[in-house]
Amino acid sequence: MQTATLERNTAVRTKAPKADYYVGIVGSGFSGLGMAIRLREAGINSFAIFEAADEVGGTWRDNVYPGAACDVPSHLYSYSFEQNPNWSRMFARSNEIQNYILEIAEKHNLRPHIHFNSKVEQAVFNEDKGIWEVTAGGKTVTANIIVSAVGALSQPAIPEIKGREKFKGDTYHTARWSDDINLKGKKVAVIGSGASAIQLVPAIAPEVKELTVFQRTPSWIVPKADYEITESEQQLYRQFPVLQRMRRLAIYGITELLATAIVYDSPMTTLLQQLATWNIERYIKDPELRRKVTPKYRLGCKRMLISNDWYPALNRENVHLVDRGVDEITENGPVADGHEYDVDVIIWATGFEPPAYGAPFSVTGLNSRKLEDDWAEAIEAYRGVTITGYPNMFMLMGPNTGPGHTSVLVYTEAQMKYIQQAVKLMYEKDIRYLNVKDEKQREFNKFIDDRMKLTTWTSGCNSWYLNESGKNTTLYPGFASEYVLGVRNFNLSDYEVEY
Ligand code: NAP
């Protein structure tokens, strides 16, 4: 780790920092880098970014499996303040998004602030000094404020299936792919049929010998309005950025409309479910396969997916859909319903460990309280950004701030602005620490609980949106615009303040 360097921006900063860094950001994905840019904009240059891996990019650095792409249009799935006129498709592929992130890191000269291979292991708040002691990559540094930008879905999940370790062939997880994986002519099993699987399967089906997909629960899938953006269209955006902003706004408006179908159960939900049913019927003629891929729950309850090539891939002669989970794994391959499938390779498309939220590391707050203990009872935060008892700690993509219908960046950008205001105010007023008031956090979570009852997410299906007790601690139960308006202004009166 490099030594702490403190830069001062005299325009805003009049007081010396009391710690190695004024702000420590954990994670250098979309949210961590965006936060750094917003800090700079506010005149705060004393910040460090701790990154566990050796490169920036988070989810787009890790998810490079064949077919990986974003299922949110790129003009909306990018920073509003760094519009890219060069997107080559409506829904960019993973490598194009990663290149965009790399360019942002260069353009804003963020690399000197990043400590690579520095996984944060713990953060302990020293309330006398008003600083966080952060241990990362085996060293401890201090920061007045920490911002957790670790991403909600980062730790690959591999289910504990009996006999898993006995398998003789190769095994891979979609979120830990590498270029040298060769599936040509092999017999492959894909376990899972979620967002990652429906992109991977069509991409590898033509090259493998046999492909068996183990689907525990089918998803509702609607057509993907994907297309190549021509050079002349890109040229238009370069020349007239306002056109790109209008396009972004239009996409945002359409996705917000989708909330009426995906978040709430409404006649729009029925319409969208009819579209998804038509999507099955137009591609799949075999009644048995149709039965297998038709969900038995209401659209929206699990994440609705978009694809034009998943159903055609299932029609291929070398692709077989087993509509069951895997009961056991032997040295030869998965076993389902008493049948052993002999394969060379198993690919886990089984998603991620429950959302990490603020802290996949140990956090100790006021009076030595531990976040893991507090969250063992209930995962709650104030507007998904701050947690009572953990002063000067902010989160991006915290609990109940994920979208089911639009770009997550709409939410994180609003959070970055909120945190930017707080950090600037703290610095200017020399605030030792801010602690969100308990009643504010309770009030917010009461609103979430009440609103959640109106959503389709709790209408009776299993999904990663819900925790073991069936509570949805992941998604925001409303329109993105409503959330954005809620965090528009940082209100000091929501916080206990220590000078
Ligand atoms: P996922 O949606 O959680 O899907 C995991 C799949 O694995 C599901 O089909 C699940 O079945 C299955 N599974 C889990 N445990 C299993 C077991 N023991 N036996 C058999 N099957 C099992 O994971 P994901 O596809 O990686 O996607 C995760 C999230 O990442 C998405 O919801 C999305 O938010 C994001 N994502 C986004 C994009 C994008 O384009 N933007 C692409 C990929 C992922 P059940 O459904 O029955 O649980």
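The structure under discussion appears in the preceding block.
All values derive from a computational prediction rather than experimental measurement.

Draft legend 1. Representation of the sheet that holds strand S9 (residues 210-214) within the structure. The sheet built from five strands is open, its strands ordered S7-S16-S8-S9-S12 with parallel pairing. The two strands at the open ends of the sheet, each matched to only one other strand, are strand S7 (170-173) and strand S12 (319-322). Geometrically, the sheet is characterised by an average inter-axis angle of 20° between neighbouring strands, direction not taken into account. Inspection of the sheet shows strand S8 (residues 187-191) paired to strand S16 (residues 345-348) by four bridges, in the parallel sense. Counterpart to Ala189 in the pairing with S16 is Ile346.

Draft legend 2. Representation of the site of the ligand. Near the ligand, the surroundings consist of 23 residues, among which Ala69, Ser193, Ser196, Thr217 and Lys302 are the closest. In this structure, an oxygen atom belonging to the ligand sits 2.9 Å away from a main-chain N or O atom of Ala195. Looking at the shell around the ligand, its residues break down into 10 nonpolar, nine polar and four charged.

Draft legend 3. Region of the structure containing the pattern of salt bridges. Here the structure, examined in full by the defined rule, presents 29 salt bridges. The partner of Lys424 in a salt bridge is Glu428, and the shortest N-O contact between them spans 4.0 Å. Here the residue Lys424 and the residue Glu428 both occupy positions in helix H11 (residues 408-428), the gap between them amounting to four residues, near one helical turn. Classification of Lys424 as partly exposed rests on a relative accessible area of 32%. The exposure class assigned to Glu428 is partly exposed, which follows from its relative accessible area of 40%. Arg432 is the partner of Glu498 in a salt bridge, and the nearest nitrogen-oxygen pair spans 3.3 Å.

Draft legend 4. Spatial organisation of a nonpolar patch on the surface. On the surface, Leu236, Phe240, Val242, Leu243 and Met246 cluster together into a nonpolar patch covering about 430 Å² of accessible area. Top contributing element to the nonpolar patch by residue count: helix H6 (residues 241-262), with three residues. Topologically, Leu236 is positioned in helix H5 (residues 231-239).

Draft legend 5. The arrangement of the packing of H5 against H6 in detail. It is at 4 Å that the axes of H5 and H6 come closest, and there the two elements cross at 105°. Taken together, the axes of H5 and H6 are roughly perpendicular relative to one another. Only Pro241, Leu243, Gln244 and Arg247 of H6 make contact with H5, whose side of the interface consists of Glu233, Leu236, Tyr237, Arg238 and Gln239. Looking at side-chain class alone, the contact of H5 with H6 contains four nonpolar, two polar and three charged residues.

Each value, and the rule that gives it
- Residues numbered from 1 in each chain as written.
- Predicted model: local features only at pLDDT ≥ 70, side-chain atom pairs only at ≥ 80, totals over all residues.
- Heavy atoms only, no water.
- Pairing = 2+ DSSP bridges.
- Helix = DSSP H or I, 4+ residues; strand = E, 2+ residues; numbered from the N terminus.
- Axes fitted to C-alpha atoms, helices over the stretch in contact; angles between N-to-C directions.
- Near = heavy atom within 4 Å.
- Polar contact = N/O pair within 3.5 Å; in protein donor to acceptor, adjacent residues only side chain to side chain.
- Nonpolar A, V, L, I, M, F, W, Y, C, P; charged D, E, K, R; others polar.
- Salt bridge = Lys/Arg side-chain N within 4 Å of Asp/Glu carboxyl O.
- Buried < 20%, exposed > 50% of the residue type's maximum accessible area, 1.4 Å probe, protein only.
- Patch = residues over 30% accessible without salt bridge, like charges linked within 9 Å, V, L, I, M, F, W, Y side chains within 5 Å.
- Areas by Shrake-Rupley, 256 points an atom, 1.4 Å probe, with all protein chains shown as cover.
- Parallel < 35°, antiparallel > 145°, perpendicular 65-115°, else oblique.
- Contact = heavy atoms within 4.5 Å.

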